[in-house]
Amino acid sequence: MRIELAVLPGDGIGPEVTAGALRVLDAVARSAGHTVEVREYPVGWASARDGGDPLPQATLDGCLAAGAVLLGAVGHPDADRVDPERRPERGLLRLRRELGCFANLRPAMAWDALVDLSPLRPAVLRGTDLIFVRELSSGIYYGESSFDQQRGVARSTMEYTRDQIERVTRVAFDLARQRRRSVVSVDKANVLAPSRLWRSTVDALAAEYPDVSLRHMLVDRAAMELVLDPRQFDVVLTGNLFGDILSDQAAALTGSLGTLASASIGGRVDLYEPVHGSAPDIAGLGVANPMGAILSVGLMLRHTFGLEAEAAALEEAVRSVLARGLRTRDLTGGDEWLGCGAFADEIARAVALAAPAGAEAD
Ligand code: IPM
Ligand code: MG
């Protein structure tokens, strides 16, 4: 198979983690006989810094022409001072919307080798395996907004239509059928009008999935349940804002924000990005954790290219490297750790070692 990727390294640690992820992708492709073609494009502050657009037209065109998009991270402290249209985050939000990716999948699981890193007791965490289905193209991120510094008034609006809720709900229920057949839908229906529409729409659709159990949970309660008993969750369906918040929490619970991957699907081209941000404090130091980016490539192999065996091989390689005690800096309290590139190379090597003899392509 020919895997044609648009890669948008972006800001901060984005370039380091995407480079590491591409090395692992190369190892997977080589051992399974696929070819990978990568085209790089600027996004975020890397592109807006010198007066440019955080999502140049050429970048968008390149993404639309690709088989899938891998993005590193966007965001930079200097961008706090520029006008909102040039903010790096704006580039990412426009990209998600232009691609039409409305469902953002964020798996969070307890890695056996990392259980002791969690702020939760191992007995509470062990066995946690959940996935967020976060609505990604609407909600308060995209509603009408205004900002009047002089008058001291600002406003953001949360708006959802039934269609938008239905299509992401379908993704969640379909996914639950491949997992443990349980969906928890998270909202704030006791206060917010869009949440009430959310709840009634999810309820109506649930009738089509009698084999999947559904519970509704208010978002404050969900934040609490995530730390009390994360194992109760299988598929967590939620809106754009709540999904953003809860997924960072889940990432920290399972060890480190650096480990979480995401897939944004349902649009014209699928978009893959680690859940962590640009981490400007450690950018360029070579100490970033590439796991989120590497596992995002795994999700890409599975969801966009239908390469389940290759995705599983990648995930197994990550597991085996962790099991050998290899760590990035964020995954250890001590001073024995590998840099971003070296850690990615260990995973790439583990993939290659696991390849069946004779599978090597020329
Ligand atoms: C995420 C990030 C983004 C979001 C930012 C960078 C706009 O936090 O993907 O979780 O809020 O969606
Ligand atoms: Mg976030």
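All of these numbers come straight from a predicted model, not from anything done at the bench.

### Focus: the pattern of salt bridges
Link 1 in the chain: Within the structure shown, the criterion is met by 27 salt bridges.
Link 2 in the chain: In this structure, Asp 129 engages Arg 179 in a salt bridge whose closest nitrogen and oxygen atoms are separated by 3.4 Å. Of the two residues, Asp 129 sits in strand 5 (residues 129-135) while Arg 179 sits in the loop between helix 6 (162-177) and strand 8 (182-187), which places them 50 residues apart along the sequence.
Link 3 in the chain: In this structure, Glu 208 and Arg 170 form a salt bridge, with 2.9 Å as the shortest nitrogen-oxygen distance. Here Glu 208, found in the loop between helix 7 (193-206) and strand 9 (213-218), pairs with Arg 170, found in helix 6; they are 38 residues apart in sequence, far enough to count as distant.
Link 4 in the chain: Of the residues examined, Glu 208 reaches a relative accessible area of 45% and is grouped as partly exposed.
Link 5 in the chain: Each of Arg 2, Glu 4, Glu 37 and Arg 39 takes part in salt bridges that share partners, so that together they form one network.

### As for the site of ligand 1
Link 1 in the chain: Neighbouring residues of ligand 1: Glu 89, Arg 96, Arg 106, Arg 134, Tyr 141 and Asp 244.
Link 2 in the chain: Measuring from an oxygen atom of ligand 1, one finds a side-chain N or O atom of Arg 106 at 2.8 Å.
Link 3 in the chain: Against a free-state accessible area of 320 Å², the protein chains account for coverage of 79% of ligand 1.
Link 4 in the chain: Split into classes, the residues belonging to the shell around ligand 1 amount to one nonpolar, no polar and five charged.

### Observations regarding helix 1 (residues 14-32)
Link 1 in the chain: Its 19 residues give helix 1 an end-to-end C-alpha distance of 27 Å, which sits within 8% of 27 Å, the value for a rise of 1.5 Å per residue.
Link 2 in the chain: Where helix 1 terminates, the next one or two residues include Gly 33, which has phi positive at roughly 80 degrees.

### Observations concerning the packing of helix 3 (residues 57-65) against helix 4 (residues 88-99)
Each pair of packed helices can be described by the angle between their axes along with the distance between the axes.
Link 1 in the chain: The N-to-C vectors of helix 3 and helix 4 enclose an angle of 40 degrees; their axes lie 11 Å apart at closest approach. Compared by their axis directions, helix 3 and helix 4 come out oblique. When you trace helix 3 past helix 4, the crossing you get is right-handed. Facing helix 3, whose interface residues are Leu 60, Cys 63 and Leu 64, helix 4 presents Leu 95, Glu 98 and Leu 99.
Link 2 in the chain: Broken down by class, the residue content of the contact of helix 3 with helix 4 amounts to five nonpolar, no polar and one charged.

### Topic: the pairing of strand 4 (residues 103-109)
Link 1 in the chain: Most of strand 4 sits out of view: five of its seven residues are buried.
Link 2 in the chain: As defined by bridge partners, strand 4 adjoins strand 5 across seven bridges and the pair is classed as antiparallel. Across the sheet, the residue bridging to Pro 107 is Ile 131, located in strand 5.
Link 3 in the chain: The pairing of strand 4 with strand 11 (residues 263-265) spans three bridges and is antiparallel.

### Digging into the sheet that holds strand 10 (residues 235-238)
Link 1 in the chain: What the 10 strands build is an open sheet, ordered 2-1-3-12-11-4-5-10-8-9; its pairing is mixed. Unpaired on one side and paired on the other, strand 2 (35-40) and strand 9 mark the two borders of the sheet. Recorded for the sheet is a direction-independent mean angle of 25 degrees between the axes of neighbouring strands.
Link 2 in the chain: Each of strand 1 (2-10), strand 2 and strand 3 (68-73) is contacted by helix 1, which is oriented at about 165 degrees to strand 1, the strand it contacts most.

Quick notes on the rules
- Residues numbered from 1 in each chain as written.
- Chains lettered and ligands numbered in written order.
- Predicted model: local features only at pLDDT ≥ 70, side-chain atom pairs only at ≥ 80, totals over all residues.
- Heavy atoms only, no water.
- Salt bridge = Lys/Arg side-chain N within 4 Å of Asp/Glu carboxyl O.
- Helix = DSSP H or I, 4+ residues; strand = E, 2+ residues; numbered from the N terminus.
- Buried < 20%, exposed > 50% of the residue type's maximum accessible area, 1.4 Å probe, protein only.
- Near = heavy atom within 4 Å.
- Polar contact = N/O pair within 3.5 Å; in protein donor to acceptor, adjacent residues only side chain to side chain.
- Areas by Shrake-Rupley, 256 points an atom, 1.4 Å probe, with all protein chains shown as cover.
- Nonpolar A, V, L, I, M, F, W, Y, C, P; charged D, E, K, R; others polar.
- Expected span 1.5 Å × (residues − 1).
- Axes fitted to C-alpha atoms, helices over the stretch in contact; angles between N-to-C directions.
- Parallel < 35°, antiparallel > 145°, perpendicular 65-115°, else oblique.
- Left-handed = near helix turned anticlockwise from the far one by under 90°.
- Contact = heavy atoms within 4.5 Å.
- Pairing = 2+ DSSP bridges.

Geometry only, nothing functional implied.
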